[in-house]
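Fold and geometry: a report
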Amino acid sequence: MQFNVPLSEWTTHAALSKWIEETILQCQPARVHLCVGSNEEVDQIAAQMVEAGILVPLAKRPGSYWCHSHPDDVARVEESTFICSEKKEDAGPTNNWKEPSEMKQHLKSLFAGCMQGRTLYVIPYCMGPLGSPLSRVGIEITDSPYVVINMHKMTRMGRQALDQLKNDPFIPGLHSVGVPLKEGQQDEPWPCNPKQRVIAHFPEEKSIFSFGSGYGGNALLGKKCFALRIASAMAREQGWLAEHMLILGLTNPEGVKKYIAAAFPSACGKTNLAMIMPSLPGWKAECVGDDIAWMHIGKDGRLYAINPEAGFFGVAPGTSMKTNPMAMRTIEKNSIFTNTALSDGDVWWEGIGSEPPEALTSWLGTPWDGKSPAAHPNSRFTVPMTQCPIYDPAAEDPEGVPISAILFGGRRHNVMPLVTEALSWNHGVFLGASLSSETTAAAKGEIGKLRHDPFAMLPFCGYNMGDYFAHWIDIGKHTSASKLPRIYSVNWYRKDAEGKYIWPGFGENARVLKWIFERASDKAPATTTPIGQIPPQEALDLSGLQTDYDSLFSIDKDNWKKELQDLKEYFQRFGTHFPKELARELHHLEERLK
Ligand code: SAT
Ligand code: MN
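Residues numbered from 1 in each chain as written. Chains lettered and ligands numbered in written order. Predicted model: local features only at pLDDT ≥ 70, side-chain atom pairs only at ≥ 80, totals over all residues. Heavy atoms only, no water.

What to know about unusual backbone geometry
In the Ramachandran plot, Asn334 falls in the positive-phi region, its phi being about 45 degrees despite a non-glycine side chain. Following the sequence through the fold, Asn334 ends up in the loop between α11 (325–330) and β20 (336–338). Given the relative accessible area of 31%, Asn334 is considered partly exposed. (Helix = DSSP H or I, 4+ residues; strand = E, 2+ residues; numbered from the N terminus. Buried < 20%, exposed > 50% of the residue type's maximum accessible area, 1.4 Å probe, protein only.)

Digging into the side chain of Ser69
Looking at where Ser69 falls in the secondary structure, it is placed in the loop between β4 (65–67) and β5 (81–83). There is a polar contact of 2.9 Å between the side chain of Ser69 and the backbone oxygen of Asp73. (Polar contact = N/O pair within 3.5 Å; in protein donor to acceptor, adjacent residues only side chain to side chain.)

Some thoughts on the coordination of the manganese ion (ligand 2)
Taken together, the protein donors to the manganese ion (ligand 2) comprise Lys224 (NZ), His244 (NE2) and Asp291 (OD), at separations of 2.0 to 2.2 Å. Site description for the manganese ion (ligand 2): donor spacing in sequence, K-x19-H-x46-D. Placement of His244 in the loop between β13 (241–243) and β14 (245–251) and of Asp291 in the loop between β16 (284–289) and β17 (293–297) is noted, with a sequence separation of 47 residues between them. Neither His244 nor Asp291 differs from the other in exposure class; each is buried. (Donors = N, O, S within 2.8 Å, 3.2 Å for Na, K, Ca; no water.)

A word on the packing of helix α12 (residues 425–433) against helix α17 (residues 580–593)
When two helices pack together, you describe them by how their axes are tilted relative to each other and by the distance separating the axes. Interaxial distance between α12 and α17 falls to 9 Å at its minimum, and their mutual angle equals 90 degrees. When the axes of α12 and α17 are compared, the pair comes out roughly perpendicular. Judged by residue contacts, Asn426, His427, Val429, Phe430 and Ala433 of α12 engage Glu581, Leu582, Glu585, Leu586, Leu589 and Arg592 from α17. Class assignment of the residues belonging to the contact of α12 with α17 gives a composition of 6 nonpolar, 2 polar and 3 charged. (Axes fitted to C-alpha atoms, helices over the stretch in contact; angles between N-to-C directions. Parallel < 35°, antiparallel > 145°, perpendicular 65-115°, else oblique. Contact = heavy atoms within 4.5 Å. Nonpolar A, V, L, I, M, F, W, Y, C, P; charged D, E, K, R; others polar.)

Quick notes on the site of ligand 1
In the vicinity of ligand 1, the contacting residues are Arg76, Gly216, Gly217, Lys223, Lys224, Ser266, Phe313, Arg380 and Ala442. Ser266 places a side-chain nitrogen or oxygen 2.8 Å from an oxygen atom of ligand 1. Relative to its unbound accessible area of 260 Å², ligand 1 is 98% covered by the protein chains. Only α8 (216–219) and α9 (222–238) provide two or more residues apiece to the shell around ligand 1. (Near = heavy atom within 4 Å. Areas by Shrake-Rupley, 256 points an atom, 1.4 Å probe, with all protein chains shown as cover.)

Looking at the environment of Pro6
By secondary structure assignment, the location of Pro6 is in the loop between β1 (2–3) and α1 (7–10). Remark: the alpha-carbon pair of Pro6 and Phe202, spanning 196 residues in sequence, is separated by 30 Å.

Points about the pairing of strand β15 (residues 257–263)
Burial within β15 is extensive, with 6 of its 7 residues counted as buried. Bridge count for β14 against β15 is 7 bridges, and the pairing is antiparallel. Bridging across to β15, Gly249 finds its partner in Tyr259. The hairpin turn running from β14 into β15, its antiparallel successor, is 5 residues long, and Gly255 in that turn takes a positive phi close to 90 degrees. (Pairing = 2+ DSSP bridges.)

So, the pattern of salt bridges
If you walk through the whole model with that rule in mind, you get 28 salt bridges. Between Lys104 and Glu205 there is a salt bridge, with the nearest N and O atoms lying 2.9 Å from each other. Of the two residues, Lys104 sits in helix α5 (residues 100–111) while Glu205 sits in the loop between β11 (198–202) and β12 (207–211), which places them 101 residues apart along the sequence. We classify Glu205 as partly exposed; its relative accessible area is 46%. (Salt bridge = Lys/Arg side-chain N within 4 Å of Asp/Glu carboxyl O.)

A short note on the domain arrangement of the protein chain
Once the domains are mapped, the protein chain shows domain 1 (2–53 + 77–238), domain 2 (242–311 + 392–593) and domain 3 (312–383). Taken over C-alpha atoms, the centre of domain 1 sits 28 Å from the centre of domain 3. With 10 residues of domain 1 in contact, the opposing surface of domain 3 contributes 12 residues. Roughly 840 Å² is buried in total at the junction of domain 1 and domain 3, and carbon and sulfur atoms are behind 68% of that figure. The interface formed by domain 1 and domain 3 includes 0 salt bridges. At the junction of domain 1 with domain 3, the criterion picks out 4 residue pairs in polar contact (both at pLDDT 80 or more). With 5 residues, the top contributor of residues to the side of domain 1 that touches domain 3 is helix α6 (residues 145–154). Its residues assigned to classes, the side of domain 1 that touches domain 3 comprises 6 nonpolar, 2 polar and 2 charged. (Domains from an automatic or database assignment. Buried area = accessible area lost by both parts, 1.4 Å probe.)

A closer look at the packing of aromatic side chains
Across all of its chains, the model carries 32 aromatic pairs by this definition. A ring pair is formed by Tyr215 and Phe313, whose centres lie 6.3 Å apart and whose planes are at 65 degrees; its orientation type is edge-to-face. A residue pair is termed long-range when its members are at least 10 positions apart, and Tyr215 in the loop between β12 and α8 and Phe313 in strand β19 (residues 311–315) qualify at 98 residues. Taking the relative accessible area as the measure of exposure, Phe313 reaches 6% and is therefore buried. Taken together, the ring pairs in this structure connect Phe408, Trp425, Phe430, Phe455, Tyr463, Tyr468, Phe469, Trp472, Tyr570, Phe571, Phe574 and Phe578 into an aromatic cluster. It is Lys224 that lies over the ring of Phe460; its NZ or CZ is 4.5 Å from the centre. Geometry around Phe517 places Lys258 over its ring, the cationic atom sitting 5.5 Å from the centre. (Phe/Tyr/Trp six-rings, centres within 6.5 Å; stacked < 30°, edge-to-face > 60°. Lys NZ or Arg CZ within 6 Å of the ring centre and 35° of its normal.)

Details of the packing of helix α3 (residues 39–51) against α6
Look at α3 against α6: their axes get within 10 Å of each other, and the N-to-C directions meet at 145 degrees. Between α3 and α6 lies a crossing of left-handed hand. The residues of α6 that touch α3, namely those facing Asn39, Val42, Ile45, Ala46 and Met49, are Pro145, Tyr146, Val148, Ile149 and His152. (Left-handed = near helix turned anticlockwise from the far one by under 90°.)

As for the sheet that holds strand β23 (residues 380–384)
Through backbone hydrogen bonds, the strands of a sheet pair up, either in parallel or in antiparallel fashion. Taken in spatial order, the 5 strands of this open sheet run β3-β4-β20-β23-β19, and their pairing is mixed. Edge positions in the sheet fall to β3 (56–57) and β19, since each has one partner strand and no second. Bridging between β20 and β23 involves 3 bridges; their strand directions are antiparallel. Opposite Ile336, over in β23, you have Thr382 as the bridge partner.

Structure, rendered in structure tokens:
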């Protein structure tokens, strides 16, 4: 077997060496590449991909590339994602479950010889700041060079991750595109195997296997597979939280800074909020992360968060200098664009803020027909976080940042007001558990359909969602109520009778953040309603906006009674795993709505 460096020189970690050797025997690659994580290394891999016609260098964005996927490999595949706990009950009613030994048997046959003719890459990666006791190390073995160059941007990978690991246990993740190459067989530009796709997680053993897809969260195993599904199971055992949340720092005109974490389902504006340019004079935001937060109670009893990732894998369409100028500046260089459209030396997408250029290649790799979307709605940019002009240096703090407020939001064209503050921690957990949102292109399937997405974790919780609710309730008991962040439900997506959005969103969301910030300093009033606290009109700065308070905050009791009925039915799915504290919250809500 041909190695780029001898295994024994690369690591002395016995369990890691053994796993690599076993995987080589099982997958039968043609070559092995042990990643060191240097820029030279990824530049070389990228150059080979350019040579093979997989990546197109972008003359107008230094160090950047465009590529497009197979049309059947464009998003997360929830129907092929499994939680393989010993007991079905431990995966719960919201996850697909397979018995572990049955799944292992299936995986064994899938992975046998699956890397023939390909290079097996070993990627050590650290989730979280280097040197942080809260960080965790994973090792991904993959036959996809695309995964290597993305993981280089999304995580702290290579030698630095091995140094962090020392001789400790790691989270193994085995990934293959699932297309072995016979001797002399020409490779496809985006090899994948949609018919045999499977993303399997073993939360007890803490391992990940992904077969048949090369796209996003299916293949970059540090992200949803490790940092959410496996990490949520670890967090439950170890008393912390692994959440689908952005983290942002907000500084008021007096120079006081507070941190906010916010959970939204995929493609509901997390990256935009994470990089918000506040429309209010004197307010400043800084970005710690746009997708995932690992949170724990610190020594002082407050909740602290780290961002386990080192890069953004953001939705391109709709990103413009108007909606997210900081993201636009972040992706001026050293970025990978997947499934956007390609113009002369640059990329283009719907909502980028300019007319489509004359000659445009669509995400399918063919000349654009001028009618169908030029960029796939789930097309993405991959870019290191440090390139963000408002990257918060505190994102590197090994202890994390103290969280003053937690937001839960979804796409709801009615029912949910602009913002509601929870009456207590447990009521806040109830708001998180009650989250519903209209579906987006981030996952395969119908778009715009309302579905329950508790804590925006529906596709990402690695164990029984009912137990997950209970874990959140439990965290609230580990410190005093005054130290816990206040919890909010937000909705930027309410529409009027004509179907037009009522709230301008984007930078104007700072008006809502301002009220939340001032609540955290006990400086803003709140009005109690049956569903929670809302800002009284005078406490929410709406100056200069073409919007009226009532349309943003009206509570339609009939709609709410339907919502309550629907929640009651939904929560029944969790049976005895549904915490009694939340049953009580449901009952209180019913009483208050009478
Ligand atoms: O899971 S992905 O990383 O592909 C994107 C998402 O759904 O948030
Ligand atoms: Mn996400």
